[in-house]
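Chain residues, written in single-letter form:
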Amino acid sequence: MTFIETRGNDGRRPAEVSFSEAILNPSASFGGLYVPKTLPNLDMTFFKEHLKSDYKTLCRALFEKFDVDIDEETLEAALARYDRFDDPAEPVPVVKVEEDAFVAELWHGPTRAFKDMALQPFGHILSSLAQKRGEYYLIMAATSGDTGPATLESFKDAPNIKVACLYPAGGTSDVQRLQMVTEEAANEKVIGIRGDFDDAQSALKRLLASESFKARLQESHTRLSAANSVNFGRIIFQIIYHIYGYLKLVERGEVAMGEAIYIIVPSGNFGNVLGAYYAKKMGLPVEKLLISSNINNILTDLVTKGEYDLRNRSLIQTTSPAMDILKSSNVERVLFDKFGAERTKALMDSLEKEGCYRLSPEELAMLREDFDATFCSDEEGEAIIARYAQKGYILDPHTATCFKAYEELRKKSLKTLVCSTAEWTKFSRTVAKALGHRCERDLEALEWVSAHYDVTVPPMIAELFHKPVVHESVVDKEAIESEILSFI
């Protein structure tokens, strides 16, 4: 399989690249992204063959379908990273919470967020490629709270790899911050920035595209790559668990093979729901993908009105910070898939120059064939957390937004798979508040929720509060480049 560019080719890069090239060098022409030239087809025979397959077997089968240039030994070692999850035999438990609603718990990995599902194996693959080529890479990550810890965990002490992780100072939970700033690996640097996630992501994209920055890195024999979902190495692993969740429902007799379901995904940077979109295009029986957002509802406006408008709009900090995003990178891949490179480049150029773009009525209709969207306020999310706690199920604030979509957007009586993107422990103060107890710090909230609702705080979270802080840098946006170069 080869990969092409969402905004067309600039004549300086190859028109098509391999999977390994796309993940090592994810910055495409005109600031675009890499996407598969074609997607493999999954028919009912494939789904029936893998009805009882374990997770690793399904991964192997999907990689075979994609026919990427990753050798079997590297893939096997990458998939072995799932052995670090709570239950290696079932890294994604699917839990029934309503008669027609099931939660795919994507957070049973080492950092308790869905990013582990992709970043754990991806980290091994990228480091392996670098070693085989005798190359050295700086992996950059911008995080709203979950990508950072997962990236650091995946690449810590990895040969031929250094990591620079940018996070918005004051824009994460205590646990998320501690997961980053207590990381002791010598090959990793964590930098807080005075700004929000969009500032961090914009800095990452600017540096990925900066020839002068790359030239400075080359002086240290270092190349540049990224661990955010702009990298298709993340997306390919995010396709798999949507298929796995569906097959679990079939295996349990909750849906018949071939019966369509809804998939609900809390969405910020759009990578998770993009994986579901690709799975749907490949043949997974999905009626529609339902997007839940918080009050930074840029995606709701796009899907319901065809408008992406950043003018006169400021990012609002919420209790679901992984969705505190206005510049949603992976939307571009859907635009390309629907409308082609020329139109995608025009839309993205308009967004960069004018701060907005608008789809035609025909384009909006095409988008709505696959997507619908709504958004959830903090207060609505807290009410949902409290309601499900009474039923014996503790939700994090991102997953809570999905149940507003569950209640509002389904037009048919179909079974629904909800993507739970983080364990409650990542956002314990919000959960405690929703359950009637205000806490000043995460540690107090973790202890209170655990004691009153009979849920366990896993050791990798509990031990954070006893680790020394290693990374204390907090800088202005303008100082990010020099901070990284000093580290290199």
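What counts and what doesn't
Residue positions are counted from 1 within each chain, in the order its sequence is given. Residue-level local features of this predicted model are given only where pLDDT is at least 70; pairs of side-chain atoms are given and counted only at 80 or more, and the full residue set underlies all totals for whole chains, interfaces and linings. Note: side-chain values were computed over all heavy atoms of the structure, leaving out hydrogens and water. Any two strands with at least two DSSP-identified bridges between them are counted as paired. Strands are runs of DSSP state E lasting at least two residues, helices are runs of H or I lasting at least four, and both sets are numbered from the N terminus onward. Here a residue-residue contact requires only that any non-hydrogen atoms of the pair lie within 4.5 Å. By disulfide we mean two sulfur atoms from cysteines, separated by a distance within 2.5 Å. With a 1.4 Å probe rolled over the protein chains alone, any residue whose accessible area is under 20% of its type maximum counts as buried; one over 50% counts as exposed, and the rest are partly exposed. To get an axis, a line is fitted to the C-alpha atoms, and for a helix only the part in contact is used. The angle between two axes follows their N-to-C directions and goes from 0 to 180 degrees. By definition, any crossing whose near helix is turned counterclockwise from its far helix by less than a right angle is left-handed, and any crossing with a clockwise turn is right-handed. In the scheme used here, Gly and all other residues not listed as nonpolar or charged are polar, with Ala, Val, Leu, Ile, Met, Phe, Trp, Tyr, Cys and Pro taken as nonpolar and Asp, Glu, Lys and Arg as charged. The rule is short: rings of Phe, Tyr and Trp, with Trp giving its six-membered ring, pair when the centres are within 6.5 Å, and they are stacked under 30 degrees, edge-to-face over 60, tilted in between. Sitting over a ring, as applied to charges here, requires NZ of Lys or CZ of Arg to be within 6 Å of the ring centre and within 35 degrees of the ring normal.

Within a sheet, neighbouring strands are paired by backbone hydrogen bonds and run either parallel or antiparallel to one another. Across the sheet, which stays open at both edges, the 5 strands sit in the order S9-S6-S7-S8-S16 with parallel pairing between neighbours. The open sheet terminates on both sides in strands that have one partner only, identified here as strand S9 (223–226) and strand S16 (474–475). Here strand S7 (residues 161–168) pairs with strand S8 (residues 188–193) via 6 bridges, running parallel. Within S8, the position partnered with Pro168 by the bridge is Ile193.

Another aspect to go through is the environment of Ala101. In this structure, Ala101 sits in strand S5 (residues 101–105). Between the C-alpha atoms of Ala101 and Val457, which are 356 residues apart in sequence, the distance is 25 Å. What Ala101 contacts, discounting residues up to four positions off in sequence, is Val95, Lys96, Tyr406 and Thr416.

Looking now at the sheet that holds strand S2 (residues 17–18). The strand order across the open sheet built from 3 strands is S2-S1-S3, with neighbouring strands paired in antiparallel fashion. Each end of this open sheet is capped by a strand with a single partner; those strands are S2 and strand S3 (34–36). One ladder, built from 2 bridges, connects strand S1 (residues 2–5) with S2; its direction is antiparallel. Residue pairing for S2: Phe3 is matched across the bridge by Val17.

What follows concerns the state of the cysteines. Applying the stated criterion across every chain, the model contains 0 disulfides. No disulfide involves Cys59; its nearest neighbouring cysteine sulfur is the one of Cys419, lying 15 Å away. Cys376 takes part in no disulfide bond, and the closest cysteine sulfur, belonging to Cys402, lies 9.3 Å away. Looking at Cys376, the relative accessible area reads 2%, which means it is buried.

Next up on the list: the packing of helix H3 (residues 55–66) against helix H4 (residues 72–79). Where H3 contacts H4, the two axes come as close as 11 Å, and the packing angle between them is 145°. As for the relative orientation of H3 and H4, their crossing is right-handed in sense. Of the residues in H4, those touching H3 at Lys56, Cys59, Arg60 and Phe63 are Leu75, Glu76 and Leu79. Across the contact of H3 with H4, the residue classes break down as 4 nonpolar, no polar and 3 charged.

Right, let's get into the packing of aromatic side chains. For the structure shown, the criterion picks out 18 aromatic pairs. Arranged with centres 5.3 Å apart and planes meeting at 20°, the rings of Tyr308 and Tyr357 form a pair that is stacked. With Tyr308 in strand S12 (residues 307–309) and Tyr357 in strand S13 (residues 356–358), this pair connects stretches of sequence that are 49 residues apart. Taken individually, Tyr308 and Tyr357 each receive the classification buried, so the pair is uniform in this respect. Taken together through their ring pairs, the aromatic side chains of Phe3, Phe19, Phe63, Phe232, Phe237, Phe270, Tyr277, Tyr278 and Phe371 make up a single cluster. Above the plane of the ring of Phe487 lies Lys162, whose end atom (NZ or CZ) is 5.4 Å from the centre. Over the ring of Tyr388 we find Lys391, and its NZ or CZ is 4.7 Å from the ring centre.

Functional significance is not addressed by these values, which are geometric in nature.
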